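Structural features, examined
Spelled out from the first residue to the last, the chains are:
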Amino acid sequence: MKVTVRFFALYRERAGTARGCFTLSPGATLGQLVETVRGRYPDLAPPHVEVVAAVNTEYAEAGVVLQDGDEVALIPPVSGGGRPGPPAFAGRDH
Amino acid sequence: MIEITRQAIDPQPVTASVRRDSNGAVVTFLGVTRRHSMGKAVLYLEYEAYEPMALKELAKIGREVGSRWGLQDVAIVHRVGRLEIEDVSLVVAVASPHRREAFEACQYVVDRIKETVPIWKKEVFEDGAVWVGCQSHEPSGAGARSAEDRPVPASQASGD
């Protein structure tokens, strides 16, 4: 099966391309794809850094099984820094 | 009103879109391109978005405001592309019956945009350029983000 990988901002510059096509075995997970991508583009992110990804425009975890035709976006840190997380309701009491 | 645009943003229609006769307070935030960053003069900025996902994430933030404050009148317009100094990059308008909720919710929306929405900012200087947020905040640790609707105990929710 084939999936499209999109690169943005820092990752686009490091990969030298905005998108790539990857062929995977059926049942491959997002985590396996990300490792494959990092193998092809070793400068994408330092080895200790987790690469956050979205599948078909939703943030997804490494264990998600990919489907033929999926669009996977690699998401560098957004403009305010930090990593995406659940709604930050704590500590915002009235 | 949830939009991503390459054009200059006029804040007035954004504010107008959240006004109604039941709201006694309207808070509008403008994000504006600053002259200096990290002690250096900025020439211009480039904003880049993964647009379909950014629009979905912005809409989620609007729904979070609905869950937290019971407010429906939230408008967000983000500009992308090249911005010059003093250009408006972001307009957020929140209206509520009373002012406290409007102030709180507006700040929440702006903070949240910087956490979850796939829009990236590059600051261009005379001697180079940097993607903001990428210098010391490369994400680390295990696991991607949780599903947005997963309950989060207050004691585990992360702050900034």
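Right above here is the structure, for reference.
Residues numbered from 1 in each chain as written. Chains lettered and ligands numbered in written order. Predicted model: local features only at pLDDT ≥ 70, side-chain atom pairs only at ≥ 80, totals over all residues. Heavy atoms only, no water.

**So, the pairing of strand 8 (residues 119-125) of chain B**
Residues and elements named next belong to chain B. A large share of strand 8 lies buried, amounting to 7 of its 7 residues. Neither face of strand 8 is open: one carries I119, K121, E123 and F125, the other W120, K122 and V124, and all of them are buried. Both strand 4 (residues 40-49) and strand 8 contribute to a ladder of 7 bridges, which runs antiparallel. Looking at strand 8, one finds that Y44 is bridged to V124. The pairing of strand 8 with strand 9 (residues 128-131) spans 4 bridges and is antiparallel. Residue pairing for strand 9: K122 is matched across the bridge by W131. Hairpin connection from strand 8 to strand 9: 2 residues lie between these consecutive antiparallel strands. (Buried < 20%, exposed > 50% of the residue type's maximum accessible area, 1.4 Å probe, protein only. Helix = DSSP H or I, 4+ residues; strand = E, 2+ residues; numbered from the N terminus. Pairing = 2+ DSSP bridges.)

**Observations regarding unusual backbone geometry**
With a phi angle near 50°, N56 of chain A is a residue other than glycine that sits in the positive phi range. With a phi close to 70°, T57 of chain A is a non-glycine residue in the positive phi region.

**Quick look at the packing of aromatic side chains**
For the structure on display, the rule yields 4 aromatic pairs over all chains. Each ring, one from F8 of chain A and one from Y50 of chain B, has its centre 4.6 Å from the other, and the planes form 35°; the classification is tilted. Residue F8 of chain A is found in the loop between strand 1 (2-7) and helix 1 (9-15), and its partner Y50 of chain B is found in the loop between strand 4 and helix 2 (51-69); the two belong to separate chains. Arranged with centres 5.4 Å apart and planes meeting at 65°, the rings of W69 of chain B and Y108 of chain B form a pair that is edge-to-face. With W69 of chain B in helix 2 and Y108 of chain B in helix 3 (residues 99-116), the pair connects residues that are 39 residues apart, well separated along the chain. (Phe/Tyr/Trp six-rings, centres within 6.5 Å; stacked < 30°, edge-to-face > 60°.)

**Observations concerning the nonpolar core**
Among soluble globular proteins, nonpolar side chains are generally buried collectively. Residues and elements named next belong to chain A. Membership of the largest hydrophobic core comes to 35 residues, with the highest contact counts inside it found for F7, L33, V37, V72, L74 and I75. Elements that contribute at least two residues to this core include exactly strand 1, helix 1, helix 2 (30-40), strand 3 (52-55), strand 4 (58-60) and strand 5 (71-75). Not counting chain neighbours up to four residues away, the residues in contact with L74 comprise V5, R6, F7, F8, Y11, V34, V37, L44, V51, V52 and A53. (Core = buried A, V, L, I, M, F, W, Y, C linked by side-chain atoms within 4.5 Å. Contact = heavy atoms within 4.5 Å.)

By themselves, these observations are geometric and do not establish any function.
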